[in-house]
Amino acid sequence: MYHLLKGLHEYLTRKEEFSVIILGLDGAGKTTLLEKIKTLYNDVPGLTPDKIGPTVGQNMGKITLPSTILQFWDLGGQRGIRNIWHRYYDDCHAVVFVIDAEDRERLVEGWEVFDSVLSAPQILGVPLLLLANKQDSPESLSVEEIRTDYDEWYRNRQENSRRRYDEDENSGDRGERIASLDVMGISALEGTGVRAAVDWLFIRVQNSRRREDQNRGS
Ligand SMILES: Nc1nc2c(ncn2[C@@H]2O[C@H](COP(=O)(O)OP(=O)(O)OP(=O)(O)O)[C@@H](O)[C@H]2O)c(=O)[nH]1
Ligand SMILES: [Mg+2]
């Protein structure tokens, strides 16, 4: 009887675990975001910004939500470290891409890297959220401006590839994904918009195609 009740209790209180990877150029604010998420959701606060240096490798943080655990992997964004990102693609349930909305000079570089993430076949069916960070700064582009800047960059890129008679690789899933891309504004430093982003992830991982695939396989 004890085992039966214990089993029932475990079943009723079990939490499903999902992995979220946080990507973006160096300096975009990924670690600041992870630490702010920890501070907002955990009893033990995350690091304060003055304790955060460039990430060489990865940082991990977990938060507990109703019947769900979100495990965040914050990966280093420096050029030489980006080539490890793909190792996390197969097992993630959502991708967050952080853009520094204040750093106009690196937007194109950001879009190029974003585009390579977007087109990685392992994560085509995985929810992807674009975060325009540093909204606390008056210099920052707004969410609308970031969206427009990306759309313009993307149109130019398509135009150039058509001119070079490249194949149109942007059809199907990828085109759909761009059309339905969600962009949200945050300040990882101040925490503005961070809960809304976590809510988005919480809802989207439940419906993720990868989760359905896993459940079918198990
Ligand atoms: N104004 C402002 N600055 C921010 C914000 N988020 C991060 N920063 C600053 O941006 C700089 C880089 O932040 P990090 O969190 O280390 O950036 P990262 O994306 O983790 O960088 P890598 O680890 O090198 O990939 C730091 O000086 C942060 O304090 C924000 O929301 N607003
Ligand atoms: Mg970092």
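Every chain is numbered independently, its residues counted from 1 as its sequence is written. Both sets of labels track the order of writing: A upward for chains, 1 upward for ligands. With the structure being a predicted model, the display of local features is reserved for residues of pLDDT at least 70 and the display and counting of side-chain atom pairs for 80 or more, all residues being used for whole-chain, interface and lining totals.

### What to know about the overall build of the protein chain
Okay, so step 1: Think of it this way: any DSSP run of H or I at least four residues long counts as a helix, any run of E at least two long counts as a strand, and we number them from the N terminus. Per the secondary structure count, the protein chain includes seven helices and six strands.
Okay, so step 2: Put simply, the protein chain runs from its N terminus to its C terminus through helices and strands in the order α-β-α-β-β-β-α-β-α-α-β-α-α.
Okay, so step 3: Atoms counted for the radius of gyration: C-alpha only. Globule rule: 2.2 Å times the number of residues to the power 0.38. A compact globule built from 218 residues would reach a C-alpha radius of gyration of about 17 Å, and the protein chain, at 19 Å, matches this within 12%.
Okay, so step 4: Projected onto its principal axes, the C-alpha coordinates of the protein chain cover approximately 70 × 45 × 30 Å.
Okay, so step 5: Residues are called buried when their C-beta atom has 20 or more other C-beta atoms within 10 Å, exposed when it has 12 or fewer, and partly exposed otherwise; all C-beta atoms are positioned from the backbone. Of all 218 residues assigned to the protein chain, the portion counted as buried reaches 29%.
Okay, so step 6: Once C-beta atoms have been placed from the backbone, residue pairs whose C-beta atoms lie within 7 Å are recorded as contacts. Sequence separation of at least 24 residues holds for 75% of the intrachain contacts in the protein chain that already meet a minimum separation of 6.

### Describing the sheet that holds strand β2 (residues 58-65)
Okay, so step 1: Two strands qualify as a pair provided that DSSP identifies no fewer than 2 bridges between them. Strand order in this open sheet of six strands is β2-β3-β1-β4-β5-β6, and the pairing throughout is mixed. In the strand order of this sheet, the two ends are held by β2 and β6 (182-185), each with one partner. The sheet shows a mean angle of 25° between the axes of neighbouring strands, direction not considered.
Okay, so step 2: Where strand β5 (residues 128-133) lies against β6, four bridges are found, and the strand directions are parallel. Counted as the bridge partner of leucine 130 is valine 183 from β6.
Okay, so step 3: For helices, the axis comes from a line fit to the C-alpha atoms of the stretch in contact; other axes are also lines fit to C-alpha atoms, and the angle between any two N-to-C directions lies between 0 and 180 degrees. Where helix α3 (residues 107-118) meets the sheet, it contacts β1 (16-23), β4 (94-100) and β5, and its direction lies at approximately 175° from that of β4.
Okay, so step 4: Across the sheet, helix α4 (residues 143-163) lies against β4, β5 and β6, angled at about 140° from β6, the strand it touches most.

### Focus on the UniProt feature "binding site: Mg(2+)" (unreviewed entry) in the protein chain
Okay, so step 1: Using the residue numbers shown here, the UniProt feature "binding site: Mg(2+)" (unreviewed entry) corresponds to Thr31 and Thr55. These annotated residues cover 25 residues of sequence, and their C-alpha atoms lie no more than 7.5 Å from one another, placing them together at a single site.
Okay, so step 2: Locating threonine 31 in the fold gives a position in helix α2 (residues 30-41).
Okay, so step 3: In contact with threonine 31, other than residues within four places in its own chain, are Ile52, Thr55, Asn59 and Asp74.
Okay, so step 4: Following the sequence through the fold, threonine 55 ends up in the loop between α2 and β2.
Okay, so step 5: Judged by the 18 C-beta atoms lying within 10 Å of it, threonine 55 falls in the partly exposed class. UniProt positions are given in the numbering used here, feature names are shortened, and annotations may be inferred rather than shown by experiment.

### Here's the deal with the environment of glutamine 58
Okay, so step 1: Secondary-structure assignment places glutamine 58 in strand β2.
Okay, so step 2: Among residues more than four places away in sequence, those in contact with glutamine 58 are Trp73, Asp74, Leu75 and Gly76.

### Looking at the site of ligand 1
Okay, so step 1: In the region of ligand 1, 22 residues are neighbours, and Asp26, Gly29, Thr55, Gly77 and Leu189 sit closest.
Okay, so step 2: In terms of residue count, the dominant contributor to the shell around ligand 1 is α2 (three residues).
Okay, so step 3: A breakdown of the residues in the shell around ligand 1 according to their chemical character gives six nonpolar, twelve polar and four charged. Contact assignment follows one rule, namely that a residue is near a molecule or strand if its backbone-placed C-beta atom lies within 6 Å of it. Here the term charged refers only to Asp, Glu, Lys and Arg, the term nonpolar to Ala, Val, Leu, Ile, Met, Phe, Trp, Tyr, Cys and Pro, and the term polar to all other amino acids, Gly among them.

### Here we look at the pairing of β1
Okay, so step 1: Bridge count for β1 against strand β3 (residues 68-75) is seven bridges, and the pairing is parallel. Counterpart to phenylalanine 18 in the pairing with β3 is leucine 70.
Okay, so step 2: For β1 and β4, the ladder comprises four bridges, and the chain directions are parallel. Among the inter-strand pairings, valine 20 is bridged to a residue of β4, identified as alanine 94.

### Here's the deal with α3
An α-helix turns once every 3.6 residues. As a result, residues three or four positions apart point the same way.
Okay, so step 1: Here α3 spans 16 Å end to end across twelve residues, near enough to the 16 Å set by a 1.5 Å rise per residue.
Okay, so step 2: Buried within α3 we find Gly110, Val113, Phe114 and Leu118. Seen end-on, α3 carries its buried residues on one side only, within an arc spanning 140°. Structural note: α3 exposes Val108, Glu109, Glu112 and Ser116 on the side pointing more than 90 degrees away from its buried face. Under the convention used throughout, the expected extent of a helix is 1.5 Å for every residue step, that is, one less than its residue count. Note: the arc covers the axis-to-C-beta directions of the helix.

### Considerations on the nonpolar core
Okay, so step 1: What we call a nonpolar core is a set of buried Ala, Val, Leu, Ile, Met, Phe, Trp, Tyr and Cys residues whose membership is set by joining through C-beta atoms within 7 Å. Ranked by size, the top nonpolar core spans 41 residues in total, and within it Val20, Ile22, Ala94, Val95, Phe97 and Ile99 carry the most contacts.
Okay, so step 2: Contributions of two or more residues to this core are made by β1, α2, β3, β4, α3, β5, α4 and α6 (194-206).
Okay, so step 3: The leading source of residues in this core is β4, at six residues.
Okay, so step 4: Not counting chain neighbours up to four residues away, the residues in contact with isoleucine 99 comprise Gly24, Ala28, Gly110, Leu130, Leu131, Ala132, Asn133 and Ile146.

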